[in-house]
Amino acid sequence: MEKDRDPRKKDDELLAHIPPGGFFRLTERPSAPSLSQSDRVQLIRKGNELLNRGEVDMARKIFLTCDYKDGLVRVGDWYMKHDKPIDAIKLYYLSGNKRKIESITQKIAGIIRHWLHEEGNVRHE
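Per chain, residue numbering runs from 1 following the sequence as it is written. Two thresholds apply to this predicted model, a pLDDT of at least 70 for residue-level local features and 80 or more for giving and counting side-chain atom pairs, whereas whole-chain, interface and lining totals are computed over all residues. Values shown for side chains rest on all heavy atoms present in the structure; no hydrogens or waters enter the calculation.

We define a salt bridge as a side-chain nitrogen of Lys or Arg found within 4 Å of a carboxyl oxygen belonging to Asp or Glu. Following the criterion strictly, the structure yields 6 salt bridges and no others. Residue Lys-46 pairs with Glu-49 through a salt bridge whose shortest N-O separation is 3.5 Å. Within this pair, Lys-46 and its partner Glu-49 are both found in helix α2 (residues 37–52), separated by 3 residues, close to a single helical turn. Taking the shortest distance from any N to any O, the salt bridge between Asp-77 and Lys-100 comes out at 2.8 Å. Of this pair, Asp-77 sits in helix α4 (residues 69–81) while Lys-100 sits in helix α6 (residues 98–118), placing them 23 residues apart in sequence. Through salt bridges with shared partners, one network takes in Lys-46, Glu-49, Arg-53 and Glu-55. Runs of E in the DSSP output that reach at least two residues are strands. Runs of H or I that reach at least four are helices, and both are numbered from the N terminus.

Below, the structure is given as C-alpha coordinates:
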(Lines give C-alpha, C1' and ligand atoms only; values in the text may rest on other atoms or scores of the structure.)
Protein backbone atom coordinates (compact mmCIF):
# COMPACT_ATOMS: atom_id res chain seq x y z
CA MET A 1 0.00 0.00 0.00
CA GLU A 2 2.89 2.35 0.74
CA LYS A 3 3.95 2.08 -2.91
CA ASP A 4 0.61 3.50 -4.07
CA ARG A 5 1.12 6.77 -2.17
CA ASP A 6 1.94 9.90 -4.10
CA PRO A 7 5.68 10.61 -3.42
CA ARG A 8 4.98 14.37 -3.34
CA LYS A 9 2.61 13.85 -0.41
CA LYS A 10 5.36 12.02 1.47
CA ASP A 11 7.76 14.90 0.64
CA ASP A 12 5.28 17.35 2.14
CA GLU A 13 4.88 15.17 5.24
CA LEU A 14 8.66 15.01 5.73
CA LEU A 15 9.08 18.76 5.17
CA ALA A 16 6.37 19.49 7.75
CA HIS A 17 8.70 18.12 10.47
CA ILE A 18 11.50 20.61 9.75
CA PRO A 19 11.43 23.58 12.13
CA PRO A 20 11.05 27.04 10.50
CA GLY A 21 14.76 27.81 10.91
CA GLY A 22 15.89 24.33 9.98
CA PHE A 23 18.24 22.34 12.18
CA PHE A 24 21.22 24.65 12.51
CA ARG A 25 24.42 22.86 13.45
CA LEU A 26 27.00 24.64 15.54
CA THR A 27 29.41 21.73 15.80
CA GLU A 28 30.82 19.13 13.48
CA ARG A 29 28.80 16.41 15.17
CA PRO A 30 25.55 15.70 13.34
CA SER A 31 22.50 17.11 15.07
CA ALA A 32 20.00 15.88 12.52
CA PRO A 33 17.13 13.78 13.73
CA SER A 34 17.41 10.10 12.99
CA LEU A 35 16.03 9.58 9.51
CA SER A 36 15.61 6.34 7.69
CA GLN A 37 17.91 6.02 4.70
CA SER A 38 14.94 6.21 2.32
CA ASP A 39 13.60 9.37 4.02
CA ARG A 40 17.07 10.94 3.90
CA VAL A 41 17.44 10.15 0.19
CA GLN A 42 13.98 11.53 -0.50
CA LEU A 43 14.71 14.75 1.40
CA ILE A 44 18.05 15.19 -0.39
CA ARG A 45 16.31 14.81 -3.74
CA LYS A 46 13.77 17.41 -2.67
CA GLY A 47 16.61 19.71 -1.53
CA ASN A 48 18.35 19.33 -4.88
CA GLU A 49 15.11 20.09 -6.69
CA LEU A 50 14.56 23.21 -4.56
CA LEU A 51 18.14 24.39 -5.08
CA ASN A 52 17.80 23.95 -8.85
CA ARG A 53 14.61 26.04 -8.74
CA GLY A 54 16.38 28.77 -6.80
CA GLU A 55 14.69 28.09 -3.44
CA VAL A 56 18.04 28.22 -1.67
CA ASP A 57 16.90 28.79 1.92
CA MET A 58 14.66 25.73 2.01
CA ALA A 59 17.31 23.63 0.25
CA ARG A 60 19.83 24.78 2.90
CA LYS A 61 17.46 23.74 5.70
CA ILE A 62 16.99 20.31 4.18
CA PHE A 63 20.72 19.78 3.60
CA LEU A 64 21.45 20.83 7.20
CA THR A 65 18.74 18.50 8.47
CA CYS A 66 20.12 15.57 6.45
CA ASP A 67 23.77 16.47 7.10
CA TYR A 68 24.27 16.33 3.32
CA LYS A 69 27.75 17.75 2.86
CA ASP A 70 27.73 18.02 -0.94
CA GLY A 71 24.48 20.00 -0.78
CA LEU A 72 25.95 22.31 1.88
CA VAL A 73 28.94 23.00 -0.38
CA ARG A 74 26.67 23.74 -3.35
CA VAL A 75 24.58 26.16 -1.28
CA GLY A 76 27.84 27.72 -0.04
CA ASP A 77 28.92 28.15 -3.66
CA TRP A 78 25.59 29.84 -4.39
CA TYR A 79 26.18 32.21 -1.47
CA MET A 80 29.66 33.04 -2.80
CA LYS A 81 28.26 33.83 -6.25
CA HIS A 82 25.75 36.16 -4.60
CA ASP A 83 28.31 38.04 -2.47
CA LYS A 84 27.50 36.36 0.84
CA PRO A 85 30.92 34.99 1.84
CA ILE A 86 30.16 34.77 5.58
CA ASP A 87 27.13 32.55 4.92
CA ALA A 88 29.25 30.50 2.52
CA ILE A 89 32.02 30.02 5.10
CA LYS A 90 29.51 28.71 7.64
CA LEU A 91 28.28 26.07 5.23
CA TYR A 92 31.79 25.15 4.08
CA TYR A 93 32.75 24.72 7.74
CA LEU A 94 29.74 22.52 8.44
CA SER A 95 30.50 20.45 5.36
CA GLY A 96 34.13 20.03 6.41
CA ASN A 97 35.41 21.49 3.12
CA LYS A 98 38.78 22.86 4.26
CA ARG A 99 39.92 23.72 0.73
CA LYS A 100 37.04 26.19 0.22
CA ILE A 101 37.54 27.71 3.68
CA GLU A 102 41.27 28.21 3.07
CA SER A 103 40.58 29.83 -0.30
CA ILE A 104 38.18 32.36 1.20
CA THR A 105 40.47 32.97 4.18
CA GLN A 106 43.37 33.78 1.85
CA LYS A 107 41.19 36.24 -0.09
CA ILE A 108 40.06 37.92 3.12
CA ALA A 109 43.66 38.16 4.34
CA GLY A 110 44.67 39.73 1.01
CA ILE A 111 41.91 42.32 1.31
CA ILE A 112 42.95 43.21 4.87
CA ARG A 113 46.61 43.45 3.78
CA HIS A 114 45.55 45.80 0.96
CA TRP A 115 43.55 47.99 3.34
CA LEU A 116 46.44 48.20 5.78
CA HIS A 117 48.87 49.19 3.01
CA GLU A 118 46.43 51.83 1.76
CA GLU A 119 46.28 53.42 5.18
CA GLY A 120 50.04 53.18 5.65
CA ASN A 121 49.64 51.06 8.77
CA VAL A 122 51.99 48.29 7.71
CA ARG A 123 55.69 48.40 8.46
CA HIS A 124 57.91 47.38 5.60
CA GLU A 125 60.55 45.00 6.88
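Moving on, we come to unusual backbone geometry. Notably, Asp-67 is not glycine yet its phi reads approximately 55°, a positive angle. Note on placement: Asp-67 falls in the loop between α3 (56–66) and α4. One non-glycine residue, Asp-83, lies in the positive phi region at around 55°. Tracing the backbone shows Asp-83 in the loop between α4 and α5 (85–95).

Glancing now at the packing of α3 against α4. Relative to each other, α3 and α4 sit at 150°, their axes nearing to 9 Å. Relative to α4, the element α3 is oriented roughly antiparallel. For the element pair α3 and α4, the recorded crossing hand is left-handed. Contact residues: α3 offers Val-56, Asp-57, Arg-60, Phe-63 and Leu-64, while α4 offers Gly-71, Leu-72, Arg-74, Val-75, Trp-78 and Tyr-79. Of the residues belonging to the contact of α3 with α4, the class tally is 7 nonpolar, 1 polar and 3 charged. Orientation is described by axes fitted as lines to C-alpha atoms, over the contacting stretch for helices, and by angles from 0 to 180 degrees between their N-to-C directions. Note that the term roughly parallel is reserved for angles under 35 degrees, roughly antiparallel for angles over 145, roughly perpendicular for angles of 65 to 115, and oblique for everything else. In this scheme, a crossing is called left-handed if the near helix is turned counterclockwise away from the far one by less than a right angle; it is called right-handed if the turn is clockwise. Note on definitions: a residue-residue contact is assigned when non-hydrogen atoms from the two residues lie within 4.5 Å. Nonpolar residues are Ala, Val, Leu, Ile, Met, Phe, Trp, Tyr, Cys and Pro. Charged residues are Asp, Glu, Lys and Arg, and all others, Gly as well, are polar.

This part is about the side chain of Ser-95. With respect to the helices, strands and loops of the structure, Ser-95 is situated in helix α5. In terms of polar contacts, Ser-95 uses its side chain to reach the backbone carbonyl oxygen of Tyr-92, at 2.9 Å. At 3.4 Å, the side chain of Ser-95 and the backbone nitrogen of Asn-97 are in polar contact. Contact partners of Ser-95, with chain neighbours within four places excluded, come to Lys-69, Leu-72 and Val-73. Polar contacts here mean pairs of N or O atoms no more than 3.5 Å apart (in protein, one a potential hydrogen donor and the other a potential acceptor; neighbouring residues in sequence count only if both atoms are side-chain atoms).

Ranked by size, the top nonpolar core spans 20 residues in total, and within it Phe-63, Val-75 and Leu-91 carry the most contacts. Take this core: its biggest share by element is 6 residues, from α3. In this description, a nonpolar core means a group of buried Ala, Val, Leu, Ile, Met, Phe, Trp, Tyr and Cys residues linked to one another through side-chain atoms lying within 4.5 Å. Partly exposed describes any residue whose relative accessible area lies between the buried limit of under 20% and the exposed limit of over 50%, with all areas from a 1.4 Å probe on protein chains only and scaled to the type maximum.

Attention now moves to the packing of aromatic side chains. Centres within 6.5 Å are what make two rings of Phe, Tyr or Trp a pair, Trp counting through its six-membered ring; a difference in plane orientation under 30 degrees is then read as stacked, over 60 as edge-to-face, and the rest as tilted. Considering all chains together, one arrives at 2 aromatic pairs under this definition. Both rings, one in Phe-63 and one in Tyr-68, keep their centres 5.3 Å apart while their planes meet at 55°; by these two values the pair is tilted. The buried category is assigned to Phe-63, whose relative accessible area is 0%. Ring geometry for Trp-78 versus Tyr-79: centroids 5.7 Å apart, planes at 70°, classification edge-to-face.

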